[in-house]
Amino acid sequence: MTADAASRPGVQVGPTSEFSLFFHVKPGHGPALREALRDLQSSPGYRPGDYELPIAVIHEARFVPFDDDTRLLFATSFDGTWDSYMLDFASKPLKLFDAIFQHVVGYEGLPDLEAVKNFILSAQVTAGGYARNYAGTVKEIRKAERVNRAFQQVLDDPAAAEALQAPALAPLLAEAAD
């Protein structure tokens, strides 16, 4: 870990880092903030059941208005370092995020990577605890899902029955039976 990385907030577990931001919502902006969050939730990649987030290293992300819409939590976990996530985030179209963050105190736009980093650092708090239920990166998990789908196709193919009797496949078949 570099000295710069060590100074970044957030907890890293294996290849994944957590990210918790707390904002104050501008007075009277609660309804507009909730509207912006609904717009984000109905956008491609963010809709329930869409699994192609524009930032491909994100495991999950959530915005939570609280304290009668006077505060906003943005929490996520992502693969890699804080700096690589900031670079990835800043390289994406930020229109939907701009529509949300314009309702929080201290937001002045995100014209460049340095502005993104400064804005995030102004609101980020390191989690008091962070744990994961799996060790893989998003890329590894997606590959495992593709391999599982392909393997299920093989299991369902009657022409594969003889090949599946090979002793070398026993551990794989035992795992598939779970």
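Read on for an overview of the structure. What you see is a predicted model, and the numbers here were worked out from it, not measured in a lab. (Residues numbered from 1 in each chain as written. Predicted model: local features only at pLDDT ≥ 70, side-chain atom pairs only at ≥ 80, totals over all residues. Heavy atoms only, no water.)

The subject of this paragraph is the pattern of salt bridges. Here the structure, examined in full by the defined rule, presents 8 salt bridges. As a salt-bridge pair, Glu35 and Arg38 come within 3.0 Å of each other at their nearest N and O atoms. Taken together, the residues Glu35 and Arg38, both in helix α2 (residues 30–41) and 3 residues apart, mark about one turn of the helix. The class for Arg38 is partly exposed, based on a relative accessible area of 49%. Linked through salt bridges whose partners overlap, the residues forming this network are Arg8, Asp83 and Lys117. (Salt bridge = Lys/Arg side-chain N within 4 Å of Asp/Glu carboxyl O. Helix = DSSP H or I, 4+ residues; strand = E, 2+ residues; numbered from the N terminus. Buried < 20%, exposed > 50% of the residue type's maximum accessible area, 1.4 Å probe, protein only.)

Attention now moves to the pairing of strand β4 (residues 71–79). Burial analysis of β4 places 9 of its 9 residues in the buried class, which makes it a mostly covered element. Residues of β4 alternate between two faces, with Arg71, Leu73, Ala75, Ser77 and Asp79 on one and Leu72, Phe74, Thr76 and Phe78 on the opposite face, all of them buried. When strand β2 (residues 16–24) meets β4, the two strands line up antiparallel, connected through 9 bridges. Its bridge partner lying in β4, Ser17 is registered against Phe78. Looking at chain direction, strand β3 (residues 58–66) and β4 are connected through 8 bridges and run antiparallel. The partner of Arg62 across the bridge, within β4, is Ala75. Hairpin connection between β3 and β4: a loop of 4 residues separates the two successive antiparallel strands, and Asp67 in this loop has a positive phi of roughly 50 degrees. (Pairing = 2+ DSSP bridges.)

By themselves, these figures tell us nothing about what the structure is for.
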